[in-house]
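Overview (structure and organization)
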Amino acid sequence: MTLETSIEYVKGIGPERAKLIKNVLGISTVEDLLHFYPIRYIDKNKIYKIGNLQESNIEIQLRGKITQVQEIHNGKIKRLTAKFNDDTGSMDLVWFQYSKWLKEQLPVNREVFIFGKINVFNNQFSMPHPEIEIDENREKDNRLKPIYPGSEKLTKRGLNQKFFQVILRNICKEIPTLIHENLPDYLIQSMKFLSRQDTYLNIHFPENNEFLTKANQRLKFEESFFFQLGFGLKKAHHKTKSQGNPFPIVGDYFTDFYEKHLPFELTNAQKRVLKEIRLDMKKPIQMNRLLQGDVGSGKTMVALLTMLIALDNGFQSCIMAPTEILAQQHYNGIKDLLKETSIKVSLLTGSVKASARKIIHEELENGELAILVGTHAVLEDKVRFKNLGLAIIDEQHRFGVAQRAKLWAKNKIPPHILVMTATPIPRTLAMSFYSDLDVSVIDEMPVGRKPIITAHRREKDRTFVYNFCRDEIRKGRQIYFVYPLIEESETLDYKNLMEGLEYVMQSFSEYNVAMLHGRMKPDEKDTAMNYFASGKAEIMVATTVIEVGVNVPNASVMVIESAERFGLSQLHQLRGRVGRGAEQSYCILMTSDKLSTESRTRIKTMTETNDGFKISEVDMQLRGPGDILGTQQSGVVDFKKLDLVNDAVIIKNTKKIVEKILEADPLLSRPDHQIIKNYYLQFYKGKNKWSKIS
Ligand code: ADP
Ligand code: MG
């Protein structure tokens, strides 16, 4: 037997059952079986007493005697019952499906142990389909008994707990030939790990709780370790192999702009991040950097200054945004900042007309155009650059990995890549998800920003809220009203929005109201945006299309309707649309009176903090890591034991250990590291589904 042996050949399984197991559990090899970890364990040393039972729905073991077996017929329905007694009381055992064999073989009036889940019915405890062990046949080992993730489909066909326990017990006997050490001695010593063989034995049949904990620790460590090692190796490989255009100088374009046109002093964080980017781009190696910064932290200016460095070195740049509005806004902003320079900027989106598009294509190819701002349209094959040196992607996780790979191909030597994200992600996720990117963080807001005040209000407070809004408008401020629109096609939400619009227009009849939603045509959206951004409309009623990037500094109040329907990160993104100017800003979360516990946690978190990283931690605890990154990258969190929510410490430690190992021995050539290298090459390489993240 080897790890690759098909389970069909495992004693007790055979082709029929192998097929079933593969279909239901996705298990096809001996290795898969070894990784089929129990969901919990029963302590066989612990014997419950009927007289002391308090809760139902738990798996327990009892010791006593079976009596009074009888078949009950009720029309077509047949079942088998028996009494079970211990020295403290009696309860019913029930079988809804059973064979004649079972009925005849029940060990009546003998000392037995029974296992099973306790039910309560009419205040009486009972146990359906118990597993029975006769005292004298009982295995004399006191290890914990594993309970595997099962399914009704399997149980019905006889593949019950007992079945898996027997199969795994047999496989565990082969552990000495199946399982080989994959960590060096010094690590096992310093981490006080079990050997790898003992780990697998104890994860299936723990000697006691202490060994179980140790087995779990090691398995989590291994998952984290080899995962991080993979990224560490790739990163090292990238750094030595991946060619990039060096940008050695900072020239006139940058200096001129910095000295004459910069509208504000950069924050220290912006300066630091810019320096990190500069150092990267100096080298003849492709930059692959993630810029994380909360909404409003000033990433756009960093992007612009980075593009000016590219230009100083004779290269073109592009900046790509996920929506047309956002691209437009970047374009307007950048154009405005560059208005007193000779630098040429154009906007390319799906709605740019063919004639204008043709000019852009030409100017890109002959190098006249220095900066291209756009949406996905930039990725089209027809868009060719003379020499693209830098590609910036804003609001990163809306773009897929494949799309980013397309950018690489836009130049013979791939452009430097700067990915900007305003969605702070929990540190554990960043550590695993972004481990092949270098990360820069803007962790400081521009001076003079006042933290946004967030309040939770209910329907009964509406008049109060509206009066507050009116006061703010009188002070010269502008207001957003945001309605949930989960899917642009949801008719109900659309109706909701229209009713909201009408209601707002009635309540604020003395003011102008603009409206923005995803079903509008691009030019309608522009008109609406301009109506509001120019200050002609005091109020904007909108859906979550304004979530990303929209920048109207004078808008200082945001009322979010049905706030309980939004996710945390979305609420945080939305809130980032206010608090962009010098005025005190407010975010008012309107909800119905009754809230689920989870909604309440979300709303409470929002009112308590403005810190995007804290919010993302709570979000991950509520939704789990998979949903945070979206389905697109869900493979990322495909760990069996490691839990990104609760194992932050392990992840942090492994990262440190991996870094230390690779620093001392980047190619893993030391004799004591062969064991790691071989295991990695054999089992892990190629399992990172998203090896090329950008
Ligand atoms: P984000 O990081 O969300 O993309 P932006 O780049 O849109 O943030 O910046 C938000 C606002 O802050 C913009 O109006 C921008 O002009 C302004 N801003 C950026 N950096 C600074 C700074 N150092 N000092 C003052 N205002 C700044
Ligand atoms: Mg932005």
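This one's a predicted model, so the numbers in the text were calculated from it and none came from an experiment.

**Structural notes on the overall build of the protein**
The helix and strand inventory of the protein stands at 25 helices and 22 strands. With the C-alpha coordinates of the protein rotated into their principal frame, the extents come out at 95 × 70 × 45 Å. Within the span of the protein, comprising 694 residues, buried residues form 52% of the whole. Counting contacts in the protein only where the partners sit at least 6 residues apart, residues at least 24 apart contribute 73% of the total. Here the protein has roughly 33000 Å² of accessible surface; of this, 50% comes from carbon and sulfur atoms. Here the protein carries 98 positive and 85 negative side-chain charges, and the mean point of each set is 2 Å from the other.

**Concerning the site of ligand 1**
Close to ligand 1 lie 16 residues, the nearest being Gln270, Gly296, Lys299, Thr300 and Arg449. Note that an oxygen atom of ligand 1 is positioned 3.4 Å from one of the backbone N or O atoms of Ser297. Arg580 places a side-chain nitrogen or oxygen 2.9 Å from an oxygen atom of ligand 1. For ligand 1, the accessible surface in isolation is 560 Å², of which the surrounding protein chains cover 82%. The cavity that encloses ligand 1 is the second largest pocket. For the shell around ligand 1, the residue count by class is four nonpolar, seven polar and five charged.

**Structural notes on the nonpolar core**
Judged by nonpolar contacts, the single largest core of 52 residues is most densely connected at Ile13, Phe225 and Leu229. If you tally residues by element for this core, the top one is helix 9 (residues 209–241), at eight residues. Ignoring any residue separated from it by four or fewer positions in sequence, one finds Phe225 in contact with Leu183, Leu187, Thr654, Ile657, Val658, Ile661 and Ile676. The next biggest cluster of nonpolar side chains, apart from the first, holds 41 residues, and it includes Leu291, Val302, Ile343 and Met420.

**Here's the deal with the sheet that holds strand 14 (residues 388–394)**
Sheet strands associate in pairs through backbone hydrogen bonding, adopting either a parallel or an antiparallel arrangement. Judged by pairing direction, the sheet is parallel, and its seven strands sit side by side in the order 12-13-11-14-15-10-16 without closing on themselves. Looking along the sheet, the strands with just one partner apiece sit at the ends: strand 12 (345–348) and strand 16 (438–442). Neighbour to neighbour, the strand axes of the sheet diverge by 20° on average, direction disregarded. Relative to strand 15 (residues 416–421), strand 14 runs parallel, the two sharing five bridges. Its bridge partner being in strand 15, Leu390 is matched across the sheet by His416. Packed on one face of the sheet, helix 11 (residues 268–282) meets strand 10 (288–293), strand 14, strand 15 and strand 16 and runs near 160° to strand 16.

**Let's talk about the domain arrangement of the protein**
If you check the domain split of the protein, you get domain 1 (1–44 + 141–178), domain 2 (53–140), domain 3 (252–282 + 297–421) and domain 4 (453–609). Relative placement of domain 3 and domain 4: their C-alpha centres are 30 Å apart.

**Quick look at the pattern of salt bridges**
In this structure the tally under the stated criterion is 36 salt bridges. Ionic pairing is found between Lys100 and Glu104, a salt bridge with its closest N-O pair at 4.0 Å. Note that Lys100 and Glu104 are positioned in helix 3 (residues 100–105) at a spacing of four residues, about one turn of the helix. Where Lys162 meets Glu133, a salt bridge forms, and the shortest distance between an N and an O atom there is 3.8 Å. Taken together, the residues span a long stretch of sequence, with Lys162 in helix 5 (residues 161–173) and Glu133 in strand 8 (residues 131–134) at a distance of 29 residues. The structure contains a network of salt bridges with shared partners spanning Arg272, Glu276, Asp280, Arg289 and Asp443.

**Notes on the side chain of Arg580**
With respect to the helices and strands, Arg580 occurs in the loop between helix 20 (568–575) and strand 22 (586–591). A relative accessible area of 17% means that Arg580 is categorised as buried. A polar side-chain atom of Arg580 sits 2.9 Å from the main-chain carbonyl oxygen of Gly576.

**Overview of the sheet that holds strand 22**
The strand order 17-22-21-18-20-19 describes an open sheet built from six strands, whose pairing is parallel. Each edge of the open sheet carries a strand with a single partner, namely strand 17 (453–458) and strand 19 (513–516). This sheet shows a mean twist of 20° between the axes of neighbouring strands, independent of strand direction. In this sheet, strand 20 (residues 539–542) lies alongside strand 18 (residues 478–482) in parallel orientation, the contact comprising four bridges. Bridging from a neighbouring strand, Ile479 pairs with Ile539 of strand 20. Docked against the sheet, helix 19 (residues 522–533) engages strand 18, strand 19, strand 20 and strand 21 (555–560), running at close to 145° with respect to strand 19.

**Here we look at the layout of surface pockets**
Taken as a whole, the second largest pocket spans an internal volume of roughly 970 Å³. Around the second largest pocket sit 34 residues that line it, and Phe264, Gly298, Thr300, Asn551 and Arg580 are the ones nearest its centre. Of all the secondary-structure elements, those providing two or more residues to the lining of the second largest pocket are helix 11, helix 12 (299–312) and helix 13 (324–337). Broken down by element, the lining of the second largest pocket gets its largest block of residues, seven residues, from helix 13. Residues that form the lining of the second largest pocket fall into these classes: twelve nonpolar, 13 polar and nine charged. When we break the lining of the second largest pocket down by domain, the ones giving at least three residues each are domain 3 (252–282 + 297–421) and domain 4 (453–609).

**Observations concerning the state of the cysteines**
Throughout this description, disulfide means a covalent bond between two cysteine sulfur atoms. What the rule picks out here adds up to zero disulfides. Free cysteine: Cys469, not disulfide-bonded; nearest cysteine sulfur from Cys587 at 11 Å.

**Points about the confidence of the model for the protein**
Per-residue confidence for the protein averages 87 on the pLDDT scale, and 91% of its residues sit at or above 70. Contacts from residues 631–635, a stretch scored under 50 in pLDDT, to residues over four places away or in other chains number nine contacts. Counting interchain partners and residues more than four positions distant, the pLDDT-below-50 stretch residues 688–694 has 26 contacts.

**Quick notes on empty space enclosed by the protein**
Counting across every chain of the model gives two cavities of 30 Å³ or more. By volume, the largest cavity amounts to about 130 Å³. In this structure, the largest cavity is lined by twelve residues; those nearest its centre are Lys239, Asp280, Ile285, Gln286 and Asp438. When residues in the lining of the largest cavity are grouped by element, the largest group, three residues, is from helix 9. Classifying every residue of the lining of the largest cavity gives three nonpolar, three polar and six charged.

**Considering the packing of helix 12 against helix 13**
If you want to describe how two helices pack, look at the angle between their axes and the distance between the axes. Contact geometry of helix 12 with helix 13 gives a least axis separation of 11 Å together with a crossing angle of 60°. In terms of orientation, helix 12 and helix 13 fall into the oblique class. Where helix 12 crosses over helix 13, the handedness of that crossing is right-handed. Here Thr300, Met301, Leu304 and Met307 of helix 12 come into contact with helix 13, specifically with His330, Ile334 and Leu337. Of the residues assigned to the contact of helix 12 with helix 13, the class counts are five nonpolar, two polar and no charged.

Criteria and cut-off values
Residues numbered from 1 in each chain as written. Chains lettered and ligands numbered in written order. Predicted model: local features only at pLDDT ≥ 70, side-chain atom pairs only at ≥ 80, totals over all residues. Heavy atoms only, no water. Helix = DSSP H or I, 4+ residues; strand = E, 2+ residues; numbered from the N terminus. Buried < 20%, exposed > 50% of the residue type's maximum accessible area, 1.4 Å probe, protein only. Contact = heavy atoms within 4.5 Å. Areas by Shrake-Rupley, 256 points an atom, 1.4 Å probe, with all protein chains shown as cover. Lys, Arg positive; Asp, Glu negative; His and termini not counted. Charge placed at Lys NZ, Arg CZ, Asp CG, Glu CD. Near = heavy atom within 4 Å. Polar contact = N/O pair within 3.5 Å; in protein donor to acceptor, adjacent residues only side chain to side chain. 1 Å grid on protein atoms, 1.4 Å probe; cavity = no way out; pocket = protein on both sides within 12 Å on 5 of 7 lines; lining within 4 Å. Sits in = over half its atoms within 2 Å of the grid points. Nonpolar A, V, L, I, M, F, W, Y, C, P; charged D, E, K, R; others polar. Core = buried A, V, L, I, M, F, W, Y, C linked by side-chain atoms within 4.5 Å. Pairing = 2+ DSSP bridges. Axes fitted to C-alpha atoms, helices over the stretch in contact; angles between N-to-C directions. Domains from an automatic or database assignment. Salt bridge = Lys/Arg side-chain N within 4 Å of Asp/Glu carboxyl O. Points joined across faces, edges and corners; volume = space filled by probe spheres on them. Disulfide = S-S within 2.5 Å. pLDDT = per-residue confidence, 0-100. Parallel < 35°, antiparallel > 145°, perpendicular 65-115°, else oblique. Left-handed = near helix turned anticlockwise from the far one by under 90°.

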